[in-house]
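Spelled out, the chains give:
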Amino acid sequence: MLVEQITAQLINAGNPDIAQHSQRFFKTAKGEYGEGDKFIGIRIPVLRQTLKLYQNATLKEALVLLKHEYHEIRLFAVLLLVQLFEQSKKDEAKQSEIVKAYLANTHYINRWDIVDSSAHKILGKFYLNRNKSILHQLALSSHLWERRMAMMSTYTFIKNHQFDDALILAEILLHDKHDLIHKIVGWMLREVGNKNKQVAERFLQKHYQNMPRTMLRYAIEKFTKVERTAYLKGQM
């Protein structure tokens with residue numbers, strides 16, 4: 001009943017104009033990365049406000065919502081998973097259960113905003129002080145969103161001044177063919193630079209001439225204009 005209540009509430013909050021814009025923004029045309037995805041037309045703040053009404057929702061209910069055809073309901077589901085994970089911070093067994101469920105349902109965590117709203121807050125936090133080999137496996141996946149998930153998870157590590165895995169995964173994904181991977185890798189390299197510019201520069205000195213242009217631009221975004229120009233001209 002709760003799943004039906006949440007679904008009905010979200011659908012009723014939809015806006016056709018926003019939905020139409022979202023379908024273009026998330027590349028849902030044939031052959032694009034979001035081909036066939038469907039939208040209700042709900043902004044993130046509305047989803048977050050709705051989430052506050054369901055503090056007692058369960059993992060089982062979140063997983064049912066995660067399999068919904070509408071993009072925003074899947075996004076709501078991962079926000080609910082994050083909420084459940086945070087509510088279980090003193091219960092390692094419960095957090096482990098949520099992580100296993102997340103990894104078992106990556107097929108439904110299938111757009112960049114759904115990944116970026118959840119991977120670092122669930123996988124990143126869980127594996128912060130644990131063996132991170134599962135993320136290395138995800139980085140090698142043929143599934144675009146699993147690769148992005150792996151890199152996004154390192155955001156939590158970077159915030160905690162753990163850079164090694166972010167750099168290892170960046171190297172694994174250096175020659176990925178998808179623009180959405182170029183962007184996430186560049187973004188995480190930029191975050192490394194925000195915490196420790198020397199660490200980021202050592203990686204860039206080794207790889208910048210072979211990086212996709214988008215990745216490099218994201219990585220050096222916070223550098224000085226002189227530095228950015230030198231990197232882009234291959235003169236570092």
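Residues numbered from 1 in each chain as written. Predicted model: local features only at pLDDT ≥ 70, side-chain atom pairs only at ≥ 80, totals over all residues. Heavy atoms only, no water.

This paragraph deals with the overall build of the protein chain. The helix and strand inventory of the protein chain stands at 15 helices and zero strands. Relative to a compact globule of 236 residues, whose C-alpha radius of gyration would be 18 Å, the protein chain shows 19 Å and is just as compact. For the protein chain, with 236 residues in total, the buried portion stands at 52%. Within the protein chain, contacts between residues at least 6 apart in sequence are counted, and of these 69% link residues at least 24 apart. When the accessible surface of the protein chain is split by element, carbon and sulfur atoms take 49% of a total near 11,900 Å². Positive and negative side-chain charges of the protein chain, numbering 35 and 24 respectively, have mean locations separated by a distance of 5 Å. (Helix = DSSP H or I, 4+ residues; strand = E, 2+ residues; numbered from the N terminus. Rg over C-alpha atoms; globule rule 2.2 N^0.38 Å. Buried < 20%, exposed > 50% of the residue type's maximum accessible area, 1.4 Å probe, protein only. Contact = heavy atoms within 4.5 Å. Areas by Shrake-Rupley, 256 points an atom, 1.4 Å probe, with all protein chains shown as cover. Lys, Arg positive; Asp, Glu negative; His and termini not counted. Charge placed at Lys NZ, Arg CZ, Asp CG, Glu CD.)

Relative to the elements of secondary structure, Leu135 occurs in helix H9 (residues 133-139). Taking C-alpha positions, Leu135 is 7.9 Å from Met151, a pair spaced 16 residues apart along the chain.

So, on to the nonpolar core. Counting 76 residues, the largest nonpolar core has Phe76, Ile122, Leu123, Met151, Val185 and Leu204 as its most contacted members. For this core, the leading source of residues is helix H5 (residues 71-87), giving 11 residues. (Core = buried A, V, L, I, M, F, W, Y, C linked by side-chain atoms within 4.5 Å.)

Next up on the list: the packing of helix H12 (residues 179-195) against helix H13 (residues 197-207). Running from N to C, H12 and H13 point in directions that differ by 140°, and their axes come no closer than 5 Å. Compared by their axis directions, H12 and H13 come out oblique. Contacts between H12 and H13 involve Leu189, Val192, Gly193 and Lys195 from the former and Lys197, Val199, Ala200 and Phe203 from the latter. By residue class, the composition of the contact of H12 with H13 is five nonpolar, one polar and two charged. (Axes fitted to C-alpha atoms, helices over the stretch in contact; angles between N-to-C directions. Parallel < 35°, antiparallel > 145°, perpendicular 65-115°, else oblique. Nonpolar A, V, L, I, M, F, W, Y, C, P; charged D, E, K, R; others polar.)

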